[in-house]
Amino acid sequence: MDPNLQLYRASILHFPTSTASPELEFCYFSDGYMVTRNGKIEDLGNFKHLPSEYRELKCVDYTGMLLLPGLIDSHVHFPQTEMIASFGEQLLEWLQNYTFPTEQKFEDEQYAANISNLFLNQLLSNGTTSALVYSTVHKAATDALFEQARNLNMCLAAGKVCMDRNCPPELQDTVQSAQVDSAALIEKWHGNGRLLYALTPRFAPTSSPEQLSALGELAKQYPDVFIQTHLSENKNEIAWVKSLYPEFTHYLDVYDYFGLVRNRSVFGHCLHLLPYEWELLKSAGATVAFCPSSNLFLGSGLFDLEEARQHKVNIALASDVGAGTTFNMLRVQGEAYKVSQLNHSKLSPLEGLYMMTQGAAVALGLDSSIGNLNVGTDADFILLDPKFNQLSQLRTANVYEGDQIDQPSDLIFALSMLADERTIHATYVAGERVYQNTQGERR
Ligand code: GUN
Ligand code: ZN
(Lines give C-alpha, C1' and ligand atoms only; values in the text may rest on other atoms or scores of the structure.)
(Ligands and ions follow the chains in the order given, each with its own letter.)
Protein backbone atom coordinates (compact mmCIF):
# COMPACT_ATOMS: atom_id res chain seq x y z
CA MET A 1 0.00 0.00 0.00
CA ASP A 2 1.19 3.51 -0.84
CA PRO A 3 2.11 5.06 2.55
CA ASN A 4 1.15 8.50 1.25
CA LEU A 5 -2.51 7.57 0.93
CA GLN A 6 -4.98 8.53 3.68
CA LEU A 7 -8.56 7.32 3.89
CA TYR A 8 -11.38 9.17 5.69
CA ARG A 9 -15.00 8.20 6.29
CA ALA A 10 -17.70 10.81 7.05
CA SER A 11 -20.74 12.52 5.61
CA ILE A 12 -19.22 14.64 2.83
CA LEU A 13 -20.61 17.79 1.20
CA HIS A 14 -19.18 20.18 -1.39
CA PHE A 15 -19.98 22.17 -4.51
CA PRO A 16 -17.93 20.78 -7.40
CA THR A 17 -18.68 23.55 -9.92
CA SER A 18 -19.39 27.24 -10.17
CA THR A 19 -23.16 27.62 -9.83
CA ALA A 20 -25.93 30.15 -9.39
CA SER A 21 -28.04 27.39 -7.79
CA PRO A 22 -26.08 25.89 -4.90
CA GLU A 23 -29.32 24.35 -3.55
CA LEU A 24 -29.44 22.15 -6.64
CA GLU A 25 -25.85 21.67 -7.70
CA PHE A 26 -24.08 20.14 -4.75
CA CYS A 27 -22.40 16.79 -4.23
CA TYR A 28 -23.34 14.84 -1.09
CA PHE A 29 -22.44 11.43 0.30
CA SER A 30 -24.23 10.65 3.58
CA ASP A 31 -21.78 7.78 4.08
CA GLY A 32 -18.77 8.94 2.10
CA TYR A 33 -15.10 8.25 1.75
CA MET A 34 -12.29 10.57 0.77
CA VAL A 35 -8.74 9.55 -0.08
CA THR A 36 -5.83 12.00 -0.04
CA ARG A 37 -2.32 11.57 -1.33
CA ASN A 38 0.59 13.92 -0.64
CA GLY A 39 -1.67 16.79 0.37
CA LYS A 40 -4.07 16.50 -2.56
CA ILE A 41 -7.48 14.92 -2.95
CA GLU A 42 -7.12 11.62 -4.75
CA ASP A 43 -10.64 10.22 -4.70
CA LEU A 44 -14.08 10.72 -3.21
CA GLY A 45 -17.28 8.71 -3.24
CA ASN A 46 -19.86 6.56 -1.55
CA PHE A 47 -18.30 4.35 1.13
CA LYS A 48 -20.39 1.40 -0.06
CA HIS A 49 -18.50 1.58 -3.33
CA LEU A 50 -15.03 2.02 -1.85
CA PRO A 51 -12.67 0.80 -4.61
CA SER A 52 -10.86 -2.38 -3.71
CA GLU A 53 -7.43 -0.74 -3.92
CA TYR A 54 -8.28 1.34 -0.81
CA ARG A 55 -9.77 -1.44 1.31
CA GLU A 56 -6.49 -2.24 3.04
CA LEU A 57 -5.94 1.36 4.13
CA LYS A 58 -6.38 2.31 7.77
CA CYS A 59 -9.50 4.47 7.90
CA VAL A 60 -9.85 7.67 9.94
CA ASP A 61 -13.48 7.20 10.88
CA TYR A 62 -15.48 10.41 11.32
CA THR A 63 -18.88 8.76 10.94
CA GLY A 64 -21.58 11.07 12.31
CA MET A 65 -19.61 14.18 11.39
CA LEU A 66 -19.81 16.41 8.32
CA LEU A 67 -16.70 16.81 6.17
CA LEU A 68 -16.58 20.08 4.22
CA PRO A 69 -13.94 21.95 2.23
CA GLY A 70 -11.95 24.32 4.47
CA LEU A 71 -13.76 27.64 4.86
CA ILE A 72 -12.57 30.85 3.18
CA ASP A 73 -12.69 34.23 4.95
CA SER A 74 -12.46 36.84 2.20
CA HIS A 75 -11.78 39.93 4.34
CA VAL A 76 -10.11 39.94 7.74
CA HIS A 77 -7.59 42.19 9.58
CA PHE A 78 -4.95 40.20 11.48
CA PRO A 79 -3.70 43.12 13.65
CA GLN A 80 -7.25 43.76 14.83
CA THR A 81 -7.48 40.38 16.58
CA GLU A 82 -6.83 41.94 19.99
CA MET A 83 -9.33 44.79 19.57
CA ILE A 84 -12.29 42.63 18.61
CA ALA A 85 -15.44 43.72 20.50
CA SER A 86 -14.44 47.32 21.24
CA PHE A 87 -17.41 49.34 22.48
CA GLY A 88 -19.49 52.09 21.11
CA GLU A 89 -18.33 53.65 17.84
CA GLN A 90 -19.19 53.75 14.18
CA LEU A 91 -16.58 53.35 11.47
CA LEU A 92 -14.56 56.59 11.39
CA GLU A 93 -14.44 57.07 15.17
CA TRP A 94 -13.74 53.36 15.65
CA LEU A 95 -10.73 53.67 13.33
CA GLN A 96 -9.42 56.69 15.26
CA ASN A 97 -10.08 55.42 18.77
CA TYR A 98 -9.25 51.74 18.51
CA THR A 99 -7.82 50.66 15.18
CA PHE A 100 -5.02 53.14 14.58
CA PRO A 101 -3.63 52.95 18.13
CA THR A 102 -3.67 49.13 17.98
CA GLU A 103 -2.05 48.94 14.56
CA GLN A 104 0.85 51.11 15.77
CA LYS A 105 1.97 48.25 18.02
CA PHE A 106 2.88 46.24 14.93
CA GLU A 107 5.97 48.29 14.34
CA ASP A 108 7.48 45.77 16.77
CA GLU A 109 8.22 42.74 14.63
CA GLN A 110 8.18 40.28 17.53
CA TYR A 111 4.80 41.56 18.62
CA ALA A 112 3.53 41.09 15.06
CA ALA A 113 4.88 37.54 15.02
CA ASN A 114 3.12 36.72 18.30
CA ILE A 115 -0.22 38.05 17.10
CA SER A 116 0.21 36.32 13.71
CA ASN A 117 0.51 33.05 15.53
CA LEU A 118 -2.57 33.71 17.60
CA PHE A 119 -4.49 34.93 14.55
CA LEU A 120 -3.69 31.86 12.43
CA ASN A 121 -4.68 29.62 15.34
CA GLN A 122 -8.01 31.42 15.49
CA LEU A 123 -8.59 30.84 11.78
CA LEU A 124 -7.74 27.15 11.95
CA SER A 125 -9.66 26.38 15.12
CA ASN A 126 -12.69 27.98 13.52
CA GLY A 127 -12.37 25.92 10.35
CA THR A 128 -10.97 28.68 8.13
CA THR A 129 -8.13 27.35 6.00
CA SER A 130 -7.80 30.28 3.57
CA ALA A 131 -8.21 34.01 4.01
CA LEU A 132 -7.66 37.36 2.35
CA VAL A 133 -5.87 39.27 5.08
CA TYR A 134 -5.05 42.91 5.79
CA SER A 135 -1.78 43.43 7.63
CA THR A 136 -0.72 46.83 8.96
CA VAL A 137 1.33 49.44 7.12
CA HIS A 138 4.48 47.69 8.36
CA LYS A 139 6.44 45.53 5.94
CA ALA A 140 8.08 43.43 8.68
CA ALA A 141 4.68 42.65 10.27
CA THR A 142 3.49 41.43 6.88
CA ASP A 143 6.59 39.26 6.52
CA ALA A 144 5.87 37.78 9.97
CA LEU A 145 2.35 36.78 8.96
CA PHE A 146 3.50 35.26 5.68
CA GLU A 147 6.30 33.31 7.36
CA GLN A 148 3.91 31.64 9.77
CA ALA A 149 1.29 30.90 7.14
CA ARG A 150 4.10 29.37 5.06
CA ASN A 151 5.09 27.09 7.92
CA LEU A 152 1.49 25.89 8.09
CA ASN A 153 1.39 25.44 4.29
CA MET A 154 -1.78 27.54 4.12
CA CYS A 155 -3.23 29.10 1.00
CA LEU A 156 -3.38 32.64 2.31
CA ALA A 157 -3.43 35.99 0.50
CA ALA A 158 -2.33 39.06 2.42
CA GLY A 159 -1.00 42.55 1.92
CA LYS A 160 0.71 45.44 3.61
CA VAL A 161 -1.78 48.26 4.18
CA CYS A 162 -0.93 51.38 2.21
CA MET A 163 -1.91 54.78 3.59
CA ASP A 164 -0.13 58.08 3.17
CA ARG A 165 -2.62 60.53 4.71
CA ASN A 166 -5.46 60.99 7.22
CA CYS A 167 -3.98 58.67 9.80
CA PRO A 168 -1.42 59.06 12.64
CA PRO A 169 2.09 59.91 11.34
CA GLU A 170 3.43 56.66 12.86
CA LEU A 171 1.19 54.72 10.48
CA GLN A 172 1.87 56.69 7.32
CA ASP A 173 3.86 55.39 4.41
CA THR A 174 4.54 57.44 1.27
CA VAL A 175 3.80 57.04 -2.42
CA GLN A 176 7.32 55.75 -2.91
CA SER A 177 7.60 53.44 0.11
CA ALA A 178 4.16 51.91 -0.49
CA GLN A 179 5.19 51.05 -4.02
CA VAL A 180 8.68 49.77 -3.13
CA ASP A 181 7.54 47.75 -0.10
CA SER A 182 4.53 46.26 -1.88
CA ALA A 183 6.68 45.25 -4.86
CA ALA A 184 9.29 43.66 -2.59
CA LEU A 185 6.59 41.71 -0.75
CA ILE A 186 5.08 40.53 -4.04
CA GLU A 187 8.47 39.32 -5.24
CA LYS A 188 9.10 37.51 -1.97
CA TRP A 189 5.70 35.98 -1.23
CA HIS A 190 3.38 35.85 -4.23
CA GLY A 191 3.50 32.25 -5.40
CA ASN A 192 5.83 31.25 -2.55
CA GLY A 193 4.34 27.88 -1.56
CA ARG A 194 0.62 28.46 -1.49
CA LEU A 195 0.89 32.13 -0.54
CA LEU A 196 -0.47 35.00 -2.60
CA TYR A 197 -0.16 38.77 -2.42
CA ALA A 198 -2.91 41.38 -2.19
CA LEU A 199 -2.24 45.05 -2.92
CA THR A 200 -3.96 46.76 0.01
CA PRO A 201 -4.78 50.47 -0.10
CA ARG A 202 -6.79 50.76 3.15
CA PHE A 203 -9.51 52.91 1.52
CA ALA A 204 -9.71 56.05 -0.59
CA PRO A 205 -9.62 58.53 2.35
CA THR A 206 -6.21 57.32 3.57
CA SER A 207 -4.49 57.24 0.17
CA SER A 208 -3.53 60.25 -1.91
CA PRO A 209 -4.39 60.10 -5.62
CA GLU A 210 -0.66 59.69 -6.25
CA GLN A 211 -0.52 56.62 -4.01
CA LEU A 212 -3.54 55.01 -5.65
CA SER A 213 -1.92 55.70 -9.01
CA ALA A 214 1.35 54.05 -7.91
CA LEU A 215 -0.60 50.99 -6.72
CA GLY A 216 -2.51 50.93 -10.00
CA GLU A 217 0.84 50.73 -11.80
CA LEU A 218 1.82 47.75 -9.65
CA ALA A 219 -1.54 46.14 -10.40
CA LYS A 220 -0.75 46.44 -14.10
CA GLN A 221 2.74 45.06 -13.62
CA TYR A 222 1.44 42.07 -11.60
CA PRO A 223 -1.90 41.15 -13.18
CA ASP A 224 -2.53 38.09 -11.00
CA VAL A 225 -2.07 39.64 -7.56
CA PHE A 226 -5.18 40.43 -5.55
CA ILE A 227 -6.34 43.95 -4.76
CA GLN A 228 -8.31 44.51 -1.57
CA THR A 229 -9.84 47.63 -0.11
CA HIS A 230 -13.00 49.02 1.51
CA LEU A 231 -15.91 50.49 -0.41
CA SER A 232 -19.12 52.29 0.64
CA GLU A 233 -19.31 50.98 4.17
CA ASN A 234 -20.54 54.03 6.04
CA LYS A 235 -22.42 57.20 5.03
CA ASN A 236 -19.86 59.55 6.63
CA GLU A 237 -17.06 57.70 4.87
CA ILE A 238 -18.83 58.15 1.52
CA ALA A 239 -19.29 61.89 2.14
CA TRP A 240 -15.60 62.14 3.06
CA VAL A 241 -14.56 60.42 -0.18
CA LYS A 242 -16.78 62.86 -2.09
CA SER A 243 -14.99 65.82 -0.46
CA LEU A 244 -11.50 64.36 -1.04
CA TYR A 245 -12.18 63.27 -4.62
CA PRO A 246 -14.76 65.86 -5.83
CA GLU A 247 -14.08 65.19 -9.50
CA PHE A 248 -15.48 61.64 -9.26
CA THR A 249 -19.20 60.91 -9.40
CA HIS A 250 -19.13 57.55 -7.63
CA TYR A 251 -16.92 56.17 -4.86
CA LEU A 252 -16.00 53.18 -7.05
CA ASP A 253 -14.92 55.54 -9.86
CA VAL A 254 -11.97 56.57 -7.68
CA TYR A 255 -10.61 53.03 -7.57
CA ASP A 256 -11.53 52.42 -11.20
CA TYR A 257 -9.71 55.52 -12.45
CA PHE A 258 -6.49 54.27 -10.89
CA GLY A 259 -6.80 50.76 -12.36
CA LEU A 260 -7.83 49.02 -9.15
CA VAL A 261 -11.14 47.50 -10.28
CA ARG A 262 -10.67 44.20 -12.01
CA ASN A 263 -10.76 40.45 -11.70
CA ARG A 264 -9.24 39.56 -8.30
CA SER A 265 -10.23 42.92 -6.80
CA VAL A 266 -12.13 42.36 -3.56
CA PHE A 267 -14.18 45.21 -2.12
CA GLY A 268 -15.20 44.99 1.52
CA HIS A 269 -18.76 45.97 2.53
CA CYS A 270 -20.45 47.65 -0.51
CA LEU A 271 -23.50 48.67 1.53
CA HIS A 272 -24.53 51.86 -0.21
CA LEU A 273 -23.74 51.30 -3.89
CA LEU A 274 -25.58 52.85 -6.81
CA PRO A 275 -26.70 50.70 -9.77
CA TYR A 276 -23.82 52.02 -11.87
CA GLU A 277 -21.34 50.72 -9.28
CA TRP A 278 -22.93 47.27 -9.19
CA GLU A 279 -22.68 47.14 -12.98
CA LEU A 280 -19.06 48.20 -12.90
CA LEU A 281 -18.24 45.51 -10.33
CA LYS A 282 -19.95 42.94 -12.51
CA SER A 283 -18.32 43.96 -15.78
CA ALA A 284 -14.88 44.06 -14.14
CA GLY A 285 -15.31 40.57 -12.64
CA ALA A 286 -14.59 42.02 -9.18
CA THR A 287 -15.80 40.51 -5.90
CA VAL A 288 -17.79 41.89 -3.01
CA ALA A 289 -16.87 40.76 0.51
CA PHE A 290 -20.13 40.57 2.48
CA CYS A 291 -19.24 41.22 6.13
CA PRO A 292 -22.54 40.93 8.05
CA SER A 293 -21.12 40.64 11.56
CA SER A 294 -19.02 43.78 11.09
CA ASN A 295 -21.82 45.71 9.39
CA LEU A 296 -24.16 45.06 12.31
CA PHE A 297 -21.48 45.72 14.92
CA LEU A 298 -20.45 49.12 13.50
CA GLY A 299 -24.05 50.00 12.60
CA SER A 300 -22.94 50.48 9.01
CA GLY A 301 -26.03 49.12 7.27
CA LEU A 302 -27.63 46.06 5.71
CA PHE A 303 -25.96 44.48 2.68
CA ASP A 304 -28.41 44.17 -0.22
CA LEU A 305 -28.02 40.55 -1.24
CA GLU A 306 -30.89 40.79 -3.75
CA GLU A 307 -29.17 43.65 -5.56
CA ALA A 308 -25.89 41.74 -5.67
CA ARG A 309 -27.67 38.64 -6.97
CA GLN A 310 -29.57 40.61 -9.61
CA HIS A 311 -26.34 42.11 -10.90
CA LYS A 312 -24.70 38.67 -10.77
CA VAL A 313 -21.75 40.10 -8.88
CA ASN A 314 -19.37 37.64 -7.18
CA ILE A 315 -20.13 37.51 -3.46
CA ALA A 316 -17.84 36.05 -0.79
CA LEU A 317 -18.60 35.96 2.93
CA ALA A 318 -16.12 37.52 5.34
CA SER A 319 -15.64 38.02 9.06
CA ASP A 320 -13.94 41.45 8.93
CA VAL A 321 -12.50 40.87 12.40
CA GLY A 322 -11.89 43.17 14.38
CA ALA A 323 -15.09 45.02 13.36
CA GLY A 324 -16.62 41.59 12.93
CA THR A 325 -17.17 39.91 16.28
CA THR A 326 -16.34 36.31 15.40
CA PHE A 327 -13.72 34.36 13.46
CA ASN A 328 -16.26 31.57 13.03
CA MET A 329 -17.47 31.67 9.42
CA LEU A 330 -20.49 29.53 10.27
CA ARG A 331 -21.57 32.25 12.66
CA VAL A 332 -20.84 34.83 9.98
CA GLN A 333 -23.24 32.90 7.75
CA GLY A 334 -25.79 33.06 10.56
CA GLU A 335 -25.40 36.85 10.70
CA ALA A 336 -25.81 37.02 6.91
CA TYR A 337 -29.08 35.14 7.26
CA LYS A 338 -30.31 37.65 9.85
CA VAL A 339 -29.34 40.60 7.65
CA SER A 340 -31.31 39.00 4.82
CA GLN A 341 -34.31 38.58 7.12
CA LEU A 342 -34.20 42.28 7.93
CA ASN A 343 -34.19 42.95 4.17
CA HIS A 344 -37.13 40.54 3.64
CA SER A 345 -34.93 38.34 1.53
CA LYS A 346 -33.67 34.78 2.06
CA LEU A 347 -30.24 33.25 2.34
CA SER A 348 -30.50 29.48 2.08
CA PRO A 349 -28.08 27.34 4.13
CA LEU A 350 -26.44 25.95 1.01
CA GLU A 351 -26.05 29.37 -0.63
CA GLY A 352 -24.46 30.62 2.57
CA LEU A 353 -22.05 27.69 2.63
CA TYR A 354 -21.28 28.21 -1.06
CA MET A 355 -20.30 31.85 -0.40
CA MET A 356 -17.54 30.73 1.98
CA THR A 357 -16.34 27.70 0.00
CA GLN A 358 -16.61 27.20 -3.74
CA GLY A 359 -18.32 30.54 -4.46
CA ALA A 360 -15.50 32.42 -2.77
CA ALA A 361 -12.87 30.27 -4.49
CA VAL A 362 -14.43 30.83 -7.92
CA ALA A 363 -14.67 34.57 -7.24
CA LEU A 364 -11.00 34.68 -6.26
CA GLY A 365 -9.90 32.46 -9.17
CA LEU A 366 -8.65 29.78 -6.78
CA ASP A 367 -11.15 26.97 -7.37
CA SER A 368 -8.60 24.70 -9.02
CA SER A 369 -6.93 24.37 -5.60
CA ILE A 370 -9.37 25.34 -2.81
CA GLY A 371 -13.08 25.71 -2.04
CA ASN A 372 -14.20 22.24 -3.14
CA LEU A 373 -13.19 18.59 -2.81
CA ASN A 374 -12.56 17.87 -6.48
CA VAL A 375 -9.88 15.34 -7.30
CA GLY A 376 -6.51 17.05 -7.69
CA THR A 377 -7.30 20.02 -5.43
CA ASP A 378 -5.39 20.66 -2.20
CA ALA A 379 -6.70 18.63 0.71
CA ASP A 380 -7.92 21.51 2.89
CA PHE A 381 -10.96 20.24 4.77
CA ILE A 382 -12.78 20.35 8.08
CA LEU A 383 -14.98 18.11 10.20
CA LEU A 384 -18.06 19.55 11.87
CA ASP A 385 -19.35 17.79 14.96
CA PRO A 386 -23.13 18.25 15.22
CA LYS A 387 -23.05 16.92 18.78
CA PHE A 388 -20.51 19.37 20.13
CA ASN A 389 -22.75 20.31 23.04
CA GLN A 390 -26.03 19.23 24.59
CA LEU A 391 -28.11 21.87 22.88
CA SER A 392 -26.72 21.18 19.42
CA GLN A 393 -27.07 17.45 20.02
CA LEU A 394 -30.73 17.96 20.85
CA ARG A 395 -31.36 20.34 17.95
CA THR A 396 -29.59 18.25 15.31
CA ALA A 397 -30.94 14.82 16.30
CA ASN A 398 -33.42 15.13 13.42
CA VAL A 399 -30.74 15.37 10.74
CA TYR A 400 -29.60 11.77 11.29
CA GLU A 401 -30.80 8.59 9.66
CA GLY A 402 -29.13 5.98 11.82
CA ASP A 403 -25.46 6.95 12.13
CA GLN A 404 -25.45 9.06 9.00
CA ILE A 405 -26.43 12.65 8.42
CA ASP A 406 -29.22 12.72 5.85
CA GLN A 407 -30.26 16.38 6.10
CA PRO A 408 -27.04 18.37 5.62
CA SER A 409 -28.82 21.60 4.74
CA ASP A 410 -30.76 21.74 8.01
CA LEU A 411 -27.58 20.82 9.87
CA ILE A 412 -25.62 23.67 8.28
CA PHE A 413 -28.41 26.08 9.16
CA ALA A 414 -28.59 24.98 12.79
CA LEU A 415 -24.81 25.22 13.14
CA SER A 416 -24.75 28.66 11.52
CA MET A 417 -26.78 29.82 14.51
CA LEU A 418 -25.30 27.65 17.26
CA ALA A 419 -21.65 27.17 16.31
CA ASP A 420 -18.83 27.98 18.66
CA GLU A 421 -15.21 26.92 18.88
CA ARG A 422 -16.24 23.36 19.73
CA THR A 423 -18.19 22.86 16.50
CA ILE A 424 -15.03 22.30 14.47
CA HIS A 425 -13.75 18.86 15.38
CA ALA A 426 -10.67 18.95 13.15
CA THR A 427 -9.03 21.09 10.48
CA TYR A 428 -6.71 19.77 7.77
CA VAL A 429 -4.43 21.85 5.57
CA ALA A 430 -2.86 20.18 2.53
CA GLY A 431 -3.64 16.78 4.01
CA GLU A 432 -2.12 17.48 7.46
CA ARG A 433 -4.24 17.81 10.56
CA VAL A 434 -3.41 21.26 11.94
CA TYR A 435 -6.12 21.47 14.59
CA GLN A 436 -8.15 19.07 16.65
CA ASN A 437 -10.75 20.00 19.21
CA THR A 438 -10.01 18.46 22.55
CA GLN A 439 -12.45 20.43 24.69
CA GLY A 440 -15.87 19.51 23.30
CA GLU A 441 -18.59 18.04 25.45
CA ARG A 442 -18.60 14.98 23.15
CA ARG A 443 -17.65 11.88 25.03
N1 GUN B 1 -12.37 51.09 6.43
C2 GUN B 1 -11.07 51.47 6.42
N3 GUN B 1 -10.36 50.72 7.27
C4 GUN B 1 -11.20 49.85 7.83
C5 GUN B 1 -11.05 48.80 8.78
O6 GUN B 1 -9.97 48.52 9.31
N7 GUN B 1 -12.18 48.11 9.11
C8 GUN B 1 -13.38 48.37 8.54
N9 GUN B 1 -14.45 47.65 8.88
N10 GUN B 1 -13.55 49.36 7.65
C11 GUN B 1 -12.48 50.08 7.30
ZN1 ZN C 1 -12.13 45.64 6.83
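In case you missed it, the structure is sitting above this.
Rules of the game
- Residues numbered from 1 in each chain as written.
- Chains lettered and ligands numbered in written order.
- Predicted model: local features only at pLDDT ≥ 70, side-chain atom pairs only at ≥ 80, totals over all residues.
- Heavy atoms only, no water.
- Helix = DSSP H or I, 4+ residues; strand = E, 2+ residues; numbered from the N terminus.
- Buried < 20%, exposed > 50% of the residue type's maximum accessible area, 1.4 Å probe, protein only.
- Lys, Arg positive; Asp, Glu negative; His and termini not counted.
- Salt bridge = Lys/Arg side-chain N within 4 Å of Asp/Glu carboxyl O.
- Polar contact = N/O pair within 3.5 Å; in protein donor to acceptor, adjacent residues only side chain to side chain.
- Contact = heavy atoms within 4.5 Å.
- Donors = N, O, S within 2.8 Å, 3.2 Å for Na, K, Ca; no water.
- Tetrahedral: all angles 85-135°; square planar, octahedral: opposite > 155°, others 65-115°.
- Axes fitted to C-alpha atoms, helices over the stretch in contact; angles between N-to-C directions.
- Parallel < 35°, antiparallel > 145°, perpendicular 65-115°, else oblique.
- Left-handed = near helix turned anticlockwise from the far one by under 90°.
- Phe/Tyr/Trp six-rings, centres within 6.5 Å; stacked < 30°, edge-to-face > 60°.
- Near = heavy atom within 4 Å.
- Areas by Shrake-Rupley, 256 points an atom, 1.4 Å probe, with all protein chains shown as cover.
- Nonpolar A, V, L, I, M, F, W, Y, C, P; charged D, E, K, R; others polar.
- Pairing = 2+ DSSP bridges.
- Right-handed = clockwise from strand over helix to strand, strands pointing away.
- Expected span 1.5 Å × (residues − 1).

Novice: Sorry, what's going on with the side chain of aspartate 43 here?
Specialist: Structurally, aspartate 43 can be placed in strand E3 (residues 40-46). An unpaired buried charge is present at aspartate 43: no salt bridge exists, and arginine 37, the closest side chain of opposite charge, is 9.7 Å distant. Within the structure, aspartate 43 has its side chain in polar contact with the side chain of tyrosine 33 (distance 3.1 Å). Among all residues touching aspartate 43, those that are not within four sequence positions of it are Tyr33, Met34, Val35, Pro51, Tyr54 and Val375.

Novice: Is there a simple way to think about the side chain of histidine 14 in this case?
Specialist: The residue histidine 14 is located in strand E1 (residues 5-14) in this model. Owing to a relative accessible area of 3%, histidine 14 belongs among the buried residues under this scheme. From its side chain, histidine 14 meets the backbone nitrogen of leucine 373 in a polar contact 2.8 Å long. Those residues in contact with histidine 14 that lie beyond four places of it in its chain are Phe26, Cys27, Leu44, Pro69, Asn372, Leu373 and Asn374.

Novice: Can you help me understand the coordination of the zinc ion (ligand 2) in this one?
Specialist: As a benchmark, a tetrahedral metal site with four donors has ideal angles of 109.5 degrees, while an octahedral site with six donors has ideal angles of 90 or 180 degrees. Within the first shell, the zinc ion (ligand 2) binds the protein through His75 (NE2), His77 (NE2), His230 (NE2) and Asp320 (OD), at distances of 2.0 to 2.4 Å. The site at the zinc ion (ligand 2) holds four donor atoms, and with the angles between them running 90 to 168 degrees, its shape is irregular. Histidine 75 sits in the buried class, given a relative accessible area of 1%. Classification of aspartate 320 as buried rests on a relative accessible area of 3%.

Novice: For this particular structure, what's the right way to read the packing of helix H3 (residues 139-151) against helix H4 (residues 175-189)?
Specialist: Helix-helix packing is characterised by the crossing angle of the two axes and by the distance between the axes. Packing of H3 against H4 brings their axes to within 11 Å, and their N-to-C directions diverge by 15 degrees. The orientation of H3 relative to H4 falls into the category roughly parallel. H4 is crossed by H3, and the crossing has right-handed handedness. Contacts between H3 and H4 involve Lys139, Thr142, Asp143, Phe146, Glu147 and Arg150 from the first element and Asp181, Ala184, Leu185, Lys188 and Trp189 from the second.

Novice: Just to check I follow, could you spell out the packing of aromatic side chains for this structure?
Specialist: Each aromatic ring pair is specified by the distance between its two centres and by the angle formed by the two planes. The tally for this structure, following the rule as stated, stands at 21 aromatic pairs. Seen in terms of ring centroids, phenylalanine 119 and phenylalanine 327 are 5.9 Å apart; in terms of plane orientation they differ by 65 degrees. Their pairing is edge-to-face. Of the two residues, phenylalanine 119 is situated in helix H2 (residues 109-125) and phenylalanine 327 in the loop between strand E13 (314-317) and helix H11 (329-342); the sequence distance between them amounts to 208 residues. Overall, phenylalanine 327 belongs to the buried group, its relative accessible area being 6%.

Novice: Just checking my understanding: could you explain the site of ligand 1 for this structure?
Specialist: What surrounds ligand 1 is the set His77, Gln80, Leu91, Trp94, Leu95, Arg202, Phe203, His230, Glu233, His269, Asp320 and Ala323. A distance of 2.9 Å separates an oxygen atom of ligand 1 from a polar atom in the side chain of glutamine 80. If ligand 1 stood free it would expose 280 Å²; the protein chains cover 100% of that surface. Considering each element in turn, the shell around ligand 1 owes the most residues, three residues, to helix H1 (residues 91-104). Here the shell around ligand 1 is built from residues that sort into five nonpolar, four polar and three charged.

Novice: I tried to follow the packing of H4 against helix H5 (residues 209-221) on my own but got confused; where do I start?
Specialist: Where H4 meets H5, the axes come as close as 9 Å, and the angle between the chain directions of the two elements is 25 degrees. One way to sum up the angle between H4 and H5 is to call them roughly parallel. The handedness of the crossing between H4 and H5 comes out as right-handed. Judged by residue contacts, Val175, Ala178, Gln179, Ser182 and Ala183 of H4 engage Glu210, Gln211, Ala214, Leu215, Glu217 and Leu218 from H5. Across the contact of H4 with H5, the residue classes tally to six nonpolar, three polar and two charged.

Novice: What's the story with the pairing of strand E12 (residues 287-290) in this structure? I'm lost.
Specialist: Two faces make up the sheet, and in a regular strand the side chains alternate between them. Here E12 shows no split at all, with Thr287 and Ala289 on one side and Val288 and Phe290 on the other all buried. Sheet topology note: the strand E11 (residues 265-269)/E12 ladder contains three bridges and is parallel. Following the sheet pairing, glycine 268 is matched in E12 by alanine 289. With respect to chirality, the unit in which E11 leads through helix H8 (residues 275-284) into the neighbouring parallel E12 is right-handed. Where E12 lies against E13, four bridges are found, and the strand directions are parallel. Residue pairing across strands places alanine 289 opposite alanine 316, the latter belonging to E13.

Novice: So what exactly am I meant to see when it comes to the pattern of salt bridges here?
Specialist: Side chains that differ in charge, positive against negative, can pair when their charged atoms come close. In this structure the tally under the stated criterion is 15 salt bridges. Between lysine 40 and aspartate 378 there is a salt bridge, and its shortest N-O distance comes to 2.8 Å. Of this pair, lysine 40 sits in strand E3 while aspartate 378 sits in the loop between helix H13 (358-364) and strand E14 (381-384); the two residues are 338 residues apart in sequence, bridging distant segments of the chain. Relative accessible area serves as the criterion here: at 37%, lysine 40 is assigned to the partly exposed category. Note that lysine 105 is salt-bridged to glutamate 82, the shortest N-O span being 2.6 Å. With a gap of 23 residues between them, lysine 105 in the loop between H1 and H2 and glutamate 82 in the loop between strand E5 (71-77) and H1 connect regions that are remote in the sequence. A single salt-bridge network, built from bridges that share partners, covers Lys40, Arg194, Asp378 and Asp380.

Novice: How should H3 be read in this particular structure?
Specialist: Each full turn of the α-helix corresponds to 3.6 residues, which orients residues three or four apart in the same direction. Over its 13 residues, H3 runs 19 Å from end to end, which matches the ideal 18 Å to within 8%, given 1.5 Å per residue. When we look at burial in H3, the residues that qualify are Ala141, Thr142, Asp143, Ala144, Leu145, Phe146, Gln148 and Ala149. Those residues of H3 that are buried lie in contact with H2, strand E6 (128-134), strand E7 (155-159), H4 and strand E9 (196-201). Asparagine 153, located one to two residues past H3, shows a positive phi value of around 60 degrees.

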